[in-house]
Structures are given as C-alpha cells and as structure tokens.
Amino acid sequence: MLTSARSTARRRALAAAGTAVVLTLTLAACGSSSTSSSMPGMDHSAKASSASASPSTGDMPGMDHMADGNGLSDSKDGYRLTSKDTALAAGKQAPYRFTVTGPDGKPVTAFAVDQTKRMHFYAIRSDLSGFQHIHPAMAADGTWTADLASLAPGSWRVFASFTPDGGAGKGTAFVLSRVVSVPGTGTKTPLPAAAKTAEVDGYTVTVNGAPMAGMAHPMTVTITKDGKPVTGLEPYLDTYAHLTAFHEGDTAFAHLHPTTKVNGDHGGPELSFNAELPTSGNWRLFLQFQTGGTLHTAALTLNVG
C-alpha cells in the first residue's frame, strides 16, 4: 500500500509539472501574436496594400515635379510668396507684382524650367469663375509681374507654381498662394452642376473617370468637333493639354498631370491624365489645349467621392 501511494503521488507531480509547461508555452505564444508578423501572410498583404496605394509614377511626364499640398498657404519649407499688392482694380488689366523669398529671406532668382516655363501663375475667383493661367516675367531683382486680364469685383486667390534651381529647395516643386481683393459690387456666379462634357469654341470635351479623394486615379479626356475626333492637337507647355482644378469652398489647387506623350502636331482625340485630388466634393476643372495656334480653355465641374 505504501509503495502504491508513493507511485500515485509521483504520477500526480509529473502531471502538474507538464501542465505548467504547457501553460507557459501557451502564454508565450499569445504574447508573440500581438504583431502581425506572427500571422501567415500578413507581411505580404501589408506590403501589397502599401504598393497599391502609391503606384509608381516615374514614367509619367512631369510627375517627378509634382508639388505636394493644396497651395492654400503663402509659405512652405522656408519659401514664401510675398507681395505689396493686396487689392487690384476691377474691369481692366491689372499687373500683380510678387517675389518668392527663400529660407535665407532673400529673393529667389534661380528657377528650374517646368513644362517650358520657370513660373506658372494662376488666378481664380472665390466662386471658381474667372480662371486665368499666366506666365509672368521676372526682373533681375527677383520681382515677378503677372499681367492679369480684366477682373470682376470680389475675392481672388493667386497661385505661384515654381521649382527652385538652387538652395535648400532645389528640385522641389512648390505651389504658394495669396488672397487679393478686387473692390466693387459683384455677384456670385453659381457653380455649374457636375457634368462629363463641356463646350468651347465649337469643341466638345468629354471627361471619363471617377477619381476618389486622396487616391491616384487614371482619367481620360476626349476632344471632338462636329461629332468627329480631333487629331490635330498642338503641343502646349510640352503636352497636348494642361489640366488644372480648384476645389469648391476653399479654392484648393490641384494640377492633374498628363501621361500622354507628345509626338508632333497630331495629338488627340483621347488624352490620359493622372488625377490625384486630395479632398472630396466639387472641383472645377480647366482644360487648356491648342489647335491652329489658338489656345482654348474648357471648364467643367467634377464631383469627387
């Protein structure tokens, strides 16, 4: 009996020790499972989703110079858009003078050429009417002058798009802006409803694509005239069409970059763009293209989800 009791006690001790080992291993496994790397396939799925969210754009014309941000600030990374002009006259040509200063506070005078120009300047009224795209001239001291066409009374935002060719920001694309007022009595122009097509100078512009906010998305533009495809688009700013967008409410800026390569004076009828609009809502698109030496500007409203 004594021998049997001792044997039973020994078996119970061994069982308890085995249970403790199993429990310890189980707790260790639970602790290691707090990271996704312990789950089969999680590493691969995370990397795949990251790649799909940021597709390569290295082969798209102009994409290496795409500016970050919405352009609603007058300064970024030490660069600042400065001007003494806070108001411009209504109803006549109005020169707007400005300077870009660098991190050292001095006027920047060295700018890289982007789409054949060293500076792209835009003006848009707060209701997204009155769009102007100008290529101003720079004086030796770094002062730029943009000759704006007739302006309607109201609040306007002017944008300067540029890439420094020296200093801390060399090779970096910037879009900076300021607000300027045009005195007088003006009326707000209602934003046209979202539409896929627009008419300008006898041409019909059709936009296909459904961009989503914050995501790069392909978009195509087709140009026809009298129901026939237009195949005689001429190069304009080193592309067959220049597409700019402004957001309803805050006039945020976006430049939709072309992906169709230029090949002589026979572009069209279909052009491809990389649409990356940062926020949802209505965007007013301005498409500029050239035929027979004449520049045409078509405008339409695009709703982005």
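Residues numbered from 1 in each chain as written. Predicted model: local features only at pLDDT ≥ 70, side-chain atom pairs only at ≥ 80, totals over all residues. Heavy atoms only, no water.

1. So, the overall build of the protein chain
So, point 1. For the protein chain, the helix and strand inventory stands at 2 helices and 18 strands.
So, point 2. Within the protein chain, buried positions represent 36% of all 305 residues.
So, point 3. For the protein chain, long-range pairs separated by at least 24 residues make up 65% of all intrachain contacts whose partners lie at least 6 apart in sequence.
So, point 4. Surface summary for the protein chain: the accessible area is close to 15900 Å², and the carbon and sulfur share equals 55%. (Helix = DSSP H or I, 4+ residues; strand = E, 2+ residues; numbered from the N terminus. Buried < 20%, exposed > 50% of the residue type's maximum accessible area, 1.4 Å probe, protein only. Contact = heavy atoms within 4.5 Å. Areas by Shrake-Rupley, 256 points an atom, 1.4 Å probe, with all protein chains shown as cover.)

2. A short note on the sheet that holds strand β3 (residues 94-101)
So, point 1. A sheet is described by the order of its strands in space; here 5 strands give the open sequence β1-β2-β3-β7-β6, paired in antiparallel fashion. The outermost strands of the open sheet, each flanked by one partner alone, are β1 (75-76) and β6 (137-138). (Pairing = 2+ DSSP bridges.)

3. Some details on the pairing of strand β16 (residues 270-275)
So, point 1. Across 6 bridges, strand β12 (residues 217-225) lies against β16 in antiparallel orientation. The partner of Met219 across the bridge, within β16, is Phe273.
So, point 2. As defined by bridge partners, strand β15 (residues 253-258) adjoins β16 across 2 bridges and the pair is classed as antiparallel. In the sheet register, Pro258 faces β16, and the bridge partner there is Phe273.

4. Here's the deal with the pattern of salt bridges
So, point 1. Scanning the model with the defined rule gives 3 salt bridges in all.
So, point 2. Put simply, Arg80 and Asp74 hold a salt bridge, and the shortest N to O gap is 3.5 Å.
So, point 3. Overall, Arg80 belongs to the partly exposed group, its relative accessible area being 39%.
So, point 4. Linking Asp74 and Arg178 is a salt bridge whose minimum nitrogen-to-oxygen distance equals 3.6 Å. Taken as a pair, Asp74 in the loop between α2 (42-53) and β1 and Arg178 in strand β9 (residues 174-182) lie far apart in primary sequence, 104 residues in all.
So, point 5. For Asp74, a relative accessible area of 23% translates into the label partly exposed. (Salt bridge = Lys/Arg side-chain N within 4 Å of Asp/Glu carboxyl O.)

5. A closer look at the side chain of Thr222
So, point 1. Here Thr222 is to be found in strand β12.
So, point 2. The exposure class assigned to Thr222 is buried, which follows from its relative accessible area of 19%.
So, point 3. Thr222 has contacts with Thr204, Val205, Thr206, Asn208, Pro269 and Glu270, leaving out every residue within four places of it along the chain.

6. A closer look at the nonpolar core
So, point 1. Among the nonpolar cores identified, the biggest contains 29 residues, and Ile223, Leu287 and Phe289 are the most heavily contacted of them.
So, point 2. Every element with two or more residues in this core is listed here: β10 (197-200), β11 (203-208), β12, β14 (242-247), β15, β16, β17 (281-291) and β18 (294-304).
So, point 3. Ignoring sequence-local partners within four residues, the contact set of Phe289 consists of Val200, Tyr203, Val205, Ile223, Leu233, Tyr240, Ala241, Thr294, Leu295 and His296.
So, point 4. Ala123, Trp144, Trp156 and Phe174 belong to the second largest nonpolar core, which has 25 residues in total. (Core = buried A, V, L, I, M, F, W, Y, C linked by side-chain atoms within 4.5 Å.)

7. A word on the environment of Asn282
So, point 1. Its location among the elements puts Asn282 in strand β17.
So, point 2. Along the backbone, Asn282 and Ala245 are 37 residues apart, and their C-alpha atoms lie at a distance of 9.8 Å.
So, point 3. With residues up to four places along the chain from it excluded, the contact list for Asn282 reads Leu191, Phe246, His247, Glu248, Thr301, Leu302 and Asn303.
So, point 4. Polar side-chain contacts of Asn282 include one of 3.0 Å to the side chain of Asn303. (Polar contact = N/O pair within 3.5 Å; in protein donor to acceptor, adjacent residues only side chain to side chain.)

8. Some remarks on the sheet that holds β9
So, point 1. Overall, antiparallel pairing links the 4 strands, which are arranged β5-β4-β8-β9 in an open sheet. Two strands in the sheet have a free side with no partner beyond their single neighbour: β5 (132-134) and β9. This sheet shows a mean twist of 20 degrees between the axes of neighbouring strands, independent of strand direction.
So, point 2. Relative to β5, strand β4 (residues 120-125) runs antiparallel, the two being bridged by 3 bridges. Its bridge partner lying in β5, Ala123 is registered against Gln132. (Axes fitted to C-alpha atoms, helices over the stretch in contact; angles between N-to-C directions.)

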